[in-house]
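# Structure at a glance
Now for the letters of each chain:
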Amino acid sequence: MEQTDVVIIGAGAAGLMCAAHTARAGKQVLVLDHANKAGKKILMSGGGRCNFTNYYVEPNRYLSHNPHFCKSALSQYSQWDFIGLVGEHGIPYHEKKDGQLFCDNKSSDILNMLLSECEQAGARIRLSTSVRSVEQTEEGGFLLELGAAKAPEQSGYTLKTKKLVVATGGPSIPTLGATGFGFQLAKDFGLKVYEPVAALVPFTLTSQLKQLSVDLSGNACLVEVSCNGQSFLDDMLFTHRGLSGPAMLQISSYWKPGDTLTIDLLPGLDAAEQLRADQHSHPKQQLKTWLSHKLNQTIAEKWLEVMGFRLDATLASMNGEQMDALAKVLHEWQVKPSGTEGYRTAEVALGGVDTNELSS
Ligand SMILES: Cc1cc2nc3c(=O)[nH]c(=O)nc-3n(C[C@H](O)[C@H](O)[C@H](O)COP(=O)(O)OP(=O)(O)OC[C@H]3O[C@@H](n4cnc5c(N)ncnc54)[C@H](O)[C@@H]3O)c2cc1C
């Protein structure tokens with residue numbers, strides 16, 4: 001029977017990183033993955049340029065039922081260690097904004113770096129291999145039954161390992177090989193698992209708002225979106241299904257079904273005050289022109305129409321009440337999504353193994 005020190009299930013970012021470090025520490029390491037290629041999600045990340053770390057990684061930036069859990073890992077391996085590794089491999093990168101570091105070229109630079117780290121450390125990677133069962137042995141190790149991923153009818157073979165790492169990732173983007181395997185295994189071993197929920201995911205809309213987003217599909221504007229006590233100032237993108245863009249992806253991690261988003265379409269501007277000032281300086285200006293100077297023309301016109309405002313109303317024709325009403329809805333546009341696009345497009349999932357049950 002084949003034996004090894006460490007088996008890692010999952011050749012994604014986590015599994016490959018773990019493999020390189022564990023093999024460097026002198027262990028015999030075997031990484032297993034049912035996919036035919038390692039690190040498929042890495043290739044897709046950051047729009048193909050992998051946002052591989054952030055200058056401002058800190059424990060309080062992590063969402064967790066146990067906010068202390070990440071501290072020990074982050075204190076032992078920080079963003080600076082990873083930036084150092086990227087530098088050693090000569091990978092060119094740049095800061096996009098807010099400390100986000102992206103590859104200048106392609107995400108494959110990061111994947112190739114991890115694969116080369118694994119190779120140099122002597123970690124082996126076996127692809128197209130499925131794990132059919134996992135059992136704990138009396139000595140505290142693990143017995144795995146493996147088989148060819150695409151031939152479940154073929155008889156499997158067993159493998160013994162002293163340590164087992166489960167790095168099978170979350171359920172987002174099933175087409176890239178994501179499964180609920182890790183969470184099921186955790187449950188089988190008696191760990192509490194919070195049901196995963198799609199996060200960093202676009203919202204879907206219905207009826208009139210859906211039509212607005214279809215009509216404006218491809219248009220983006222800067223907004224401040226708020227929900228459940230959290231706010232994000234970033235771009236919002238209208239899509240054929242609803243709302244996306246960094247602001248929406250971020251707030252999706254705080255949104256629950258049935259919640260309403262409050263969207264400030266003119267963050268940083270006092271619309272009521274501006275309307276009054278412009279009424280004096282440009283009384284003949286039409287409402288659509290006024291708003292087109294702040295949002296783009298297409299968004300301004302469609303939005304005013306759907307919200308029931310007269311596009312050709314001049315500023316002079318508006319009374320104080322009308323200006324206040326417009327300002328309020330521009331700053332506090334209430335949007336109730338019908339849902340999210342789910343795991344099909346979600347970048348991550350919330351939930352998973354309760355970290356209160358694990359030693360950090
Ligand atoms: C579109 C998109 C863009 C993203 N952009 C970024 C970004 O720019 N920056 C960032 O930090 N994060 C980004 N993310 C998130 C990031 O990609 C993931 O958080 C990260 O890749 C997760 O790594 P992982 O190793 O935990 O899991 P995964 O990458 O999901 O790897 C898990 C591996 O386990 C394998 N596996 C699953 N089940 C089994 C099984 N039963 N048997 C054998 N193997 C199995 C899978 O095939 C897979 O290879 C993005 C995600 C998406 C979808």
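Residues numbered from 1 in each chain as written. Predicted model: local features only at pLDDT ≥ 70, side-chain atom pairs only at ≥ 80, totals over all residues. Heavy atoms only, no water.

## A closer look at the sheet that holds strand β9 (residues 157–166)
- Taken in spatial order, the six strands of this open sheet run β6-β2-β1-β9-β8-β7, and their pairing is mixed. Each of the sheet's edge strands pairs with one partner strand only, and the pair in question is β6 (124–126) and β7 (129–136). When the angles between neighbouring strand axes are averaged without regard to direction, this sheet yields 40 degrees.
- Of the pairings in the sheet, the one linking strand β1 (residues 2–9) to β9 comprises seven bridges and is parallel in character. (Pairing = 2+ DSSP bridges. Helix = DSSP H or I, 4+ residues; strand = E, 2+ residues; numbered from the N terminus. Axes fitted to C-alpha atoms, helices over the stretch in contact; angles between N-to-C directions.)

## Here's the deal with the nonpolar core
- In terms of nonpolar packing, the biggest core is built from 40 residues, with Met236, Ile263, Trp290, Trp303, Leu326 and Trp333 touching the most fellow members.
- At five residues, helix α12 (residues 320–331) tops the list of elements feeding residues into this core.
- Beyond its immediate stretch of four places on either side in the chain, methionine 236 contacts Asn219, Ala220, Cys221, Val223, Leu243, Ser244, Met248, Ile263, Leu265 and Trp333.
- Among the nonpolar cores identified, the runner-up in size contains 29 residues, and Ile8, Val31, Val86 and Ala123 belong to it. (Core = buried A, V, L, I, M, F, W, Y, C linked by side-chain atoms within 4.5 Å. Buried < 20%, exposed > 50% of the residue type's maximum accessible area, 1.4 Å probe, protein only. Contact = heavy atoms within 4.5 Å.)

## Re the pairing of strand β2 (residues 29–32)
- Here β2 shows no split at all, with Val29 and Val31 on one side and Leu30 and Leu32 on the other all buried.
- In this structure, β1 lies alongside β2, joined through four bridges in parallel fashion. Bridged to isoleucine 9 within β2 is leucine 32.
- In the sheet, β2 pairs with β6 via three bridges, with the strands oriented parallel. Its bridge partner being in β6, valine 31 is matched across the sheet by isoleucine 125.

## Considerations on the site of the ligand
- Within the structure, the ligand sits among 23 residues, and Ala14, Asp33, Gly46, Asn51 and Thr179 are positioned closest to it.
- One of the backbone nitrogen or oxygen atoms of alanine 14 is found 2.8 Å away from an oxygen atom of the ligand.
- Protein coverage of the free-state accessible area of the ligand, which is 1000 Å², stands at 81%.
- Looking at side-chain class alone, the shell around the ligand contains 10 nonpolar, 10 polar and three charged residues. (Near = heavy atom within 4 Å. Polar contact = N/O pair within 3.5 Å; in protein donor to acceptor, adjacent residues only side chain to side chain. Areas by Shrake-Rupley, 256 points an atom, 1.4 Å probe, with all protein chains shown as cover. Nonpolar A, V, L, I, M, F, W, Y, C, P; charged D, E, K, R; others polar.)

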